Amino acid sequence: QVQLVESGGGLVQAGGSLSLSCAASGRIFDNHAMGWFRQAPGKAREFVSAIRWSGGDTFYANSVKGRFAISRDNAKNTVHLQMNNLKPEDTAVYYCAAGFPGPAVKIATMYRSWGQGTQVTVSS
């Protein structure tokens, strides 16, 4: 089982930037994928971005494409989410996830391990 700890959330004005990190402990396999999901109050958890541990293929929700960038540091077992040009609608608790989703990287139930979440608040 992989344990995940997120960091880097906070309060930022619209148009600003934040960087989230997710530190993973435990064995990370080549066929792992790491994902970021978010959940706003009263809304369902939604996919934000994902990256394959081997090969580094990246995936983004349409709502964040061109503004967010996911990356990984294999040596440190860490995944980063750089968020630029933030909008008030990006306000949510952001969760890091790890699992073996295969092609279904956007499906939350395909991920086995979850972090505790970090709050991102974007003021208008």
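Residues numbered from 1 in each chain as written. Predicted model: local features only at pLDDT ≥ 70, side-chain atom pairs only at ≥ 80, totals over all residues. Heavy atoms only, no water.

Participant: Hey, could you go over the packing of aromatic side chains for me, with residue numbers and the actual values?
Facilitator: How two aromatic rings sit relative to each other is given by the distance of their centres and the angle of their planes. Counted according to the given criterion, the structure contains 6 aromatic pairs. With a centroid separation of 5.3 Å and an interplanar angle of 75°, the aromatic rings of Phe37 and Tyr111 are classed as edge-to-face. Of the two residues, Phe37 sits in strand S4 (residues 33-39) while Tyr111 sits in strand S10 (residues 111-114), which places them 74 residues apart along the sequence. As far as burial versus exposure is concerned, Phe37 and Tyr111 are alike and both buried. On the numbers, 6.3 Å between centres and 65° between planes, the contact of Tyr111 with Trp114 is edge-to-face. Overall, Trp114 belongs to the partly exposed group, its relative accessible area being 28%. Taken together, Phe37, Phe47, Tyr95, Tyr111 and Trp114 form an aromatic cluster joined through their ring pairs. (Phe/Tyr/Trp six-rings, centres within 6.5 Å; stacked < 30°, edge-to-face > 60°. Helix = DSSP H or I, 4+ residues; strand = E, 2+ residues; numbered from the N terminus. Buried < 20%, exposed > 50% of the residue type's maximum accessible area, 1.4 Å probe, protein only.)

Participant: Can you explain the sheet that holds strand S8 (residues 78-83)? Please cite residues and give values.
Facilitator: Taken together, the 4 strands give an open sheet; going across it, the order is S1-S3-S8-S7, and neighbouring strands pair in antiparallel fashion. Both edges of this open sheet fall to strand S1 (3-7) and strand S7 (68-73), since each of them pairs with a single strand only. Averaged over all adjacent pairs, the angle separating strand axes in this sheet is 15°, with direction ignored. Of the strand pairs in this sheet, S1 and strand S3 (residues 18-25) are connected by 5 bridges, and their pairing is antiparallel. From the neighbouring strand, Glu6 faces S3, where its bridge partner is Cys22. (Pairing = 2+ DSSP bridges. Axes fitted to C-alpha atoms, helices over the stretch in contact; angles between N-to-C directions.)

Participant: Before we move on, can you summarise the side chain of Thr78 with the specific residues and values?
Facilitator: Position of Thr78 relative to the elements: it lies in strand S8. At a separation of 2.9 Å, a polar atom in the side chain of Thr78 contacts the main-chain carbonyl oxygen of Lys76. Excluding residues within four positions of it along the chain, Thr78 makes contact with Ser21, Cys22, Ala23, Trp53, Ser71, Arg72 and Asp73. (Polar contact = N/O pair within 3.5 Å; in protein donor to acceptor, adjacent residues only side chain to side chain. Contact = heavy atoms within 4.5 Å.)

Participant: Can you explain unusual backbone geometry? Please cite residues and give values.
Facilitator: Positive phi outside glycine occurs at Asn77, with the angle close to 50°. Among the secondary structure elements, Asn77 is positioned in the loop between S7 and S8.

Participant: Pulling in residues and values, what's your account of the state of the cysteines?
Facilitator: Applying the stated rule across the entire model yields 1 disulfide. Covalent S-S linkage joins Cys22 and Cys96, the inter-sulfur distance amounting to 2.0 Å. On the sign convention where negative is left-handed, the bridge of Cys22 and Cys96, at about -80° about the S-S bond, is left-handed. Taken as a pair, Cys22 in strand S3 and Cys96 in strand S9 (residues 92-99) lie far apart in primary sequence, 74 residues in all. Per residue, the accessibility class of Cys22 equals that of Cys96, and both read buried. (Disulfide = S-S within 2.5 Å.)

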